[in-house]
Amino acid sequence: MGIQVQSVEAGTPAAKLGIQSGDVLLAVGRNPLNDMLDYEFYTSSPRFEMTVCREGQTRTLQVRKDQYEPFGCDFKTYLIDKQHSCANHCMFCFIDQLPQGMRPALYFKDDDERLSFLFGNYITLTNLSPHEVERIGHMHISPINISVHTTNPELRVRMMANKRAGETLAYLKQFAEAGIEMNCQLVLCRGINDGEELRRTLDDLCQLHESILSIAAVPSGVTRYRKGLYPLTPYDRETAAQTLNILEEYGRRCVKEYGTRLIYPGDEWYLAAERPVPEGDFYEEYAQLENGVGMWRLYRDEFLGALAHSRTGRRIRRMDVVTGTLAAPLIQEMMEALHGRHPSVKVTVHPIRNNFFGGNISVAGLVTGTDIIDQCKGKLTSDVLGVPEVMLRDEQDRFLDDVTVEQLAEALGVRVKILPVAGAENLRAILEG
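Below is a summary of the structure that appears in this document. Note that the structure is a prediction, hence the values are computed from the model and not measured.

### Side note on helix α11 (residues 328–341)
- With 14 residues, α11 extends 20 Å from end C-alpha to end C-alpha; this agrees with the ideal 20 Å at 1.5 Å per step.
- When we look at burial in α11, the residues that qualify are A328, L330, I331, M334, M335 and L338. The arc that holds the buried residues of α11, viewed along the axis, is 160°, so those residues lie on one side. Residues of α11 that are exposed and point over 90 degrees away from its buried face: E336 and G340.
- Against the buried residues of α11 lie α10 (295–308), β13 (317–324), β14 (345–352) and α14 (423–432).

### What to know about the sheet that holds strand β16 (residues 415–419)
- Spatially, the 4 strands line up as an open sheet ordered β14-β13-β15-β16, and their pairing is parallel. The open sheet has two free edges, formed respectively by β14 and β16, since each of these has just one partner strand. Averaged over all adjacent pairs, the angle separating strand axes in this sheet is 30°, with direction ignored.
- In terms of strand pairing, β13 meets strand β15 (residues 384–388) through 2 bridges, oriented parallel. What sits directly across from D320, in β15, is L385.
- Against the sheet, helix α12 (residues 369–376) contacts β13, β14 and β15, and its axis sits at roughly 115° relative to β14.

### Details of the packing of aromatic side chains
- Counted under the stated rule, the structure contains 12 aromatic pairs.
- Ring geometry for F94 and F357: centres 5.6 Å apart, planes at 55°, overall tilted. Pair noted here: F94 is in the loop between β7 (73–74) and α3 (113–119) and F357 is in the loop between β14 and α12, with a separation of 263 residues, a long-range link.
- On the basis of relative accessible area, F357 is assigned to the buried category, the value being 1%.
- A centroid spacing of 5.7 Å and a plane angle of 35° characterise the contact between Y299 and F303, whose relative ring orientation is tilted. Placement of both Y299 and F303 in helix α10 is noted, with a separation of 4 residues, approximately one turn of the helix.

### Considering helix α6 (residues 170–177)
- Listed in full, the buried residues belonging to α6 are Y171, L172, F175 and A176. The buried side chains of α6 occupy one side of the element, clustering within an arc of 140° when seen end-on. Turned more than 90 degrees away from the buried face of α6 sit K173 and E177, all of them exposed.
- Looking at the buried positions of α6, the neighbouring elements they touch are α4 (130–139), β9 (144–147), β10 (182–188) and α7 (195–206).
- Downstream of α6 by a residue or two, G179 has a phi angle that is positive, lying close to 80°.

### A few points about the pairing of β15
- In terms of burial, β15 is largely enclosed, as 5 of its 5 residues are buried.
- Along β15, one buried face is formed by V384, G386 and P388 and the opposite face, lined by L385 and V387, is buried too.
- The β-α-β motif built from β15, the intervening helix α13 (residues 405–412) and the parallel element β16 has right-handed crossover chirality.

### What to know about the pairing of β14
- Of all 8 residues making up β14, 6 are buried, and the element is well covered by its neighbours.
- Examined bridge by bridge, β13 and β14 share 8 bridges and lie parallel to one another. Bridge pairing links T323 to P351 in β14.
- A crossover links β13 with its parallel partner β14, the connecting element being α11, and its sense is right-handed.

### Digging into the nonpolar core
- Counting residues in each nonpolar core, the largest one holds 89 residues, and the members touching the most others are L25, F175, M335 and L338.
- Here this core takes 7 residues from helix α8 (residues 237–258), the largest share from any one element.
- Discounting residues that sit within four places of it in the chain, M335 has contacts with Y299, F303, V347, V349, N426 and I430.

Criteria and thresholds
- Residues numbered from 1 in each chain as written.
- Predicted model: local features only at pLDDT ≥ 70, side-chain atom pairs only at ≥ 80, totals over all residues.
- Heavy atoms only, no water.
- Helix = DSSP H or I, 4+ residues; strand = E, 2+ residues; numbered from the N terminus.
- Expected span 1.5 Å × (residues − 1).
- Buried < 20%, exposed > 50% of the residue type's maximum accessible area, 1.4 Å probe, protein only.
- Arc of directions from axis to C-beta.
- Contact = heavy atoms within 4.5 Å.
- Pairing = 2+ DSSP bridges.
- Axes fitted to C-alpha atoms, helices over the stretch in contact; angles between N-to-C directions.
- Phe/Tyr/Trp six-rings, centres within 6.5 Å; stacked < 30°, edge-to-face > 60°.
- Right-handed = clockwise from strand over helix to strand, strands pointing away.
- Core = buried A, V, L, I, M, F, W, Y, C linked by side-chain atoms within 4.5 Å.

Here's what the structure looks like:
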């Protein structure tokens, strides 16, 4: 098959060997090159043979370079071949609950083991080919992030609407035997994979504790766009508390038996159950922070730690900030603490109800520009509006509903300041104005 070079960086080993745009890299040694993972892995060595094809003529090049020095080729797409899409139809899939008319990219469901290794994405295992499973072991791609949800094969097939969902659970043990470390995710649906099914899943995963770095459990999100989808019921205070009891019970058991908590409930469980969020040492190394687990505690500790060391003085400043309803009590508490240390700084917090998605969606990352405009117009106390960066796409210019930062600023007549998520950086951004 091979991979076609689009360009070559000057001064790199590829350029020195005469590789040109249009050349096709066929193999390194006896290993065929099919995508970015093959390319990055096999060209990391300091010495290797590369088979290259140019206009139908094949030649073999002897490569000599520093260990891990980039070979120097660029390709049409980052992954070189197409991104692997999800073949499941999970009953809790958030993308299936999006309204029509949003950016096309938002509707793409990725399920690509290469992105799991490169960027920490979660995969379900259901579209892995035998070659890809073997490659993960051969290349020792570790850690890999896996959406497990349940270890009951029949239930997993039902929840994910994929006949392979049950049989691919065997990959967990296969990866463990190959020395591959794993982070696992459980999206829990009320009355379906919680309760005794959750206990079964945790029992099964704990048997692989030497290879599993962490297990996160989060509640399924339910929007108002579920017409024709499985009728999920959001967790309430009682059912959230029941689920949290199981997760904490198993976590304590893991601490006692393995010396690590291993199982980390998402922050939403504590807030829904109206219980205090655990202290920082509960989360150990914050292994599931990218999944939003422990974010509440880490933000609070970092913010207050930085606040205690901030210099007092004349800082006359007024500012408005927006957040989701889930984080609003925490942000309000932090802004009051800020005012206590810097009395001339006054920040007004605006909790934004998620009318756009509705349902039980309350996290800041899913707040839209439309809802901010509707709920803040005529209510702001300053000419500066702080917006958490998690509400925007990576380029920090556009909300989920395609409203731009410029449109938001114009609609509300303010200057918009993008606020970092990390507590200390968030404080610094507010104090700097």
